[in-house]
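# Survey of secondary and tertiary structure
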Amino acid sequence: MGYKAQFRVWRGDDESGELRDYVIEVNEGEVVLDIIHRLQATQAPDLAVRWNCKAGKCGSCSAEINGKPKLLCMTRMSTFTEDEVITVTPMRTFPVIRDLVTDVSFNYTKAREVQSFSPPPDLKPGEYRMQQVDVERSQEFRKCIECFLCQNTCHVIRDHEENKEAFSGPRFLMRVAELEMHPLDTADRRDAAQDEHGLGYCNITKCCTEVCPEHIKITDNALIPMKERVAGRRYDPVVWLGNKLFRR
Ligand code: SF4
Ligand code: F3S
Ligand code: FES
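Residues numbered from 1 in each chain as written. Chains lettered and ligands numbered in written order. Predicted model: local features only at pLDDT ≥ 70, side-chain atom pairs only at ≥ 80, totals over all residues. Heavy atoms only, no water.

Further remarks concern the overall build of the chain. Looking only at helices and strands, the chain has 10 helices and seven strands in total. Along the first, second and third principal axes, the C-alpha set of the chain runs to 70 × 40 × 30 Å. The burial tally for the chain puts 46% of its 248 residues in the buried class. Nonlocal contacts in the chain, meaning residues at least 24 apart in sequence, comprise 62% of its contacts between residues at least 6 apart. Put simply, the chain shows about 13,400 Å² of open surface, and 50% of that area lies on carbon and sulfur atoms. For the chain, the separation between the mean place of its 35 positive charges and that of its 39 negative charges on side chains is 4 Å. (Helix = DSSP H or I, 4+ residues; strand = E, 2+ residues; numbered from the N terminus. Buried < 20%, exposed > 50% of the residue type's maximum accessible area, 1.4 Å probe, protein only. Contact = heavy atoms within 4.5 Å. Areas by Shrake-Rupley, 256 points an atom, 1.4 Å probe, with all protein chains shown as cover. Lys, Arg positive; Asp, Glu negative; His and termini not counted. Charge placed at Lys NZ, Arg CZ, Asp CG, Glu CD.)

Right under this line is the structure:
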């Protein structure tokens, strides 16, 4: 059975804006994105929202619902009570373009800074061989839909704009870790993880893992193992001496 819900949606741009109230029809089985679309169709034709697949796979519809980072298309209206005011705001960590649409180009800049996969130069296509266990390890990380909800949530940049330069964020530290764990990647990424991507800023709060819609264990399976690799290199006296003597 349908009912009328109270929505509060952030309207504005990077300069100024406000929360605006709407009362809008909700039908059984709908998700928050359906309601945003109904608002566009009936009351707010100029409301800006980014979306694509409506299936939790394109990573476009990221926003904050009642202050929690979520995909609009995967948040069911049935998770709220009928008398609840539902507040929808843009991701807070990135500049607003308009209404619910943010400028996520910070993430593309960070993506470009990760050295690409570097297989041995003499290995021809078709000659790549990997253990199944190594395939499975990186398979988890490849589920990432680049929604950037983890990037939006991590307090290192959410609360400290000034850290954006030095910190690549969980999504891209995970990418560095994925490549570092790849048996066919010849690059040594440990120094870059620490010095260029700011791995040391991560204090393992795990908020990134909590919001990941793909349920990737970002902290436990990527960031902590990467920290261990960096620590093994920098603080193990035998490794340290080896590095000094042979300067890898
Ligand atoms: Fe989104 Fe998860 Fe990928 Fe982060 S790791 S961008 S939360 S899918
Ligand atoms: Fe940030 Fe995740 Fe580390 S939220 S502090 S990157 S564990
Ligand atoms: Fe594609 Fe929501 S519209 S993830």
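Text resumes after the structure shown.
Further remarks concern helix α6 (residues 170–180). For α6, the buried fraction is high: 10 of the 11 residues fall into the buried class. The complete set of buried residues in α6 reads P170, R171, F172, L173, M174, V176, A177, E178, L179 and E180.

With that settled, the discussion passes to the nonpolar core. Core analysis: the biggest nonpolar cluster contains 61 residues, and F7, V32, I36, L72 and M77 have the highest contact counts within it. In terms of residue count, α6 provides more of this core than any other element does, six residues in total. Aside from chain neighbours lying at most four places away, what touches V32 is F7, I65, L72, T75, M77, F80 and V88. (Core = buried A, V, L, I, M, F, W, Y, C linked by side-chain atoms within 4.5 Å.)

The next subject is the site of ligand 2. Around ligand 2, the neighbouring residues are C154, H155, P170, C202, N203, I204, T205, K206, C207, C208, T219 and L223. Every element with two or more residues in the shell around ligand 2 is listed here: α8 (207–211) and α9 (218–235). Across the shell around ligand 2, the residue classes break down as seven nonpolar, four polar and one charged. (Near = heavy atom within 4 Å. Nonpolar A, V, L, I, M, F, W, Y, C, P; charged D, E, K, R; others polar.)

So, about the environment of F80. The topology assignment puts F80 in the loop between β4 (68–71) and β5 (85–89). Judged by relative accessible area, which is 14%, F80 ranks as buried. For the pair formed by F80 and A5, sequence separation is 75 residues and the distance between their alpha carbons is 9.7 Å. In contact with F80, other than residues within four places in its own chain, are V32, I65, N66, T75 and I86.

For the rest of this paragraph, the subject is the pattern of salt bridges. Tallying each qualifying case throughout the model produces 20 salt bridges. Note that K57 is salt-bridged to E214, the shortest N-O span being 2.7 Å. Placement of K57 in the loop between α1 (32–42) and β3 (62–65) and of E214 in the loop between α8 and α9 is noted, with a sequence separation of 157 residues between them. The class of E214 is buried, set by a relative accessible area of 12%. Between R190 and D188 there is a salt bridge, with the nearest N and O atoms lying 2.8 Å from each other. By relative accessible area, which is 16% here, R190 ends up buried. Residue classification places D188 among the partly exposed residues on the basis of a relative accessible area of 28%. One network of salt bridges, with partners in common, ties together R11, D46, R98 and D99. (Salt bridge = Lys/Arg side-chain N within 4 Å of Asp/Glu carboxyl O.)

Our focus in this paragraph is the packing of aromatic side chains. For the coordinates displayed, the defined rule picks out five aromatic pairs. Ring geometry for F117 versus Y128: centroids 6.4 Å apart, planes at 70°, classification edge-to-face. Separated by 11 residues along the polypeptide, F117 in the loop between α2 (105–112) and α3 (132–141) and Y128 in the loop between α2 and α3 bring together distant segments of the chain. Owing to a relative accessible area of 35%, Y128 belongs among the partly exposed residues under this scheme. Of the aromatic side chains, those joined through ring pairs into one cluster are Y108, F148 and F172. (Phe/Tyr/Trp six-rings, centres within 6.5 Å; stacked < 30°, edge-to-face > 60°.)

Our next topic: the site of ligand 1. Every residue lining ligand 1 is accounted for by C144, I145, E146, C147, F148, C150, R171, M174, C212, P213 and I218. Tallied by class, residues from the shell around ligand 1 come to nine nonpolar, no polar and two charged.

Looking now at the side chain of E64. By the element assignment, E64 lies in strand β3. Side-chain polar atoms of E64 contact the backbone nitrogen of R92, separated by 3.1 Å. In contact with E64, other than residues within four places in its own chain, are P69, T87, V88, T89, P90, M91, R92, N152 and R158. (Polar contact = N/O pair within 3.5 Å; in protein donor to acceptor, adjacent residues only side chain to side chain.)

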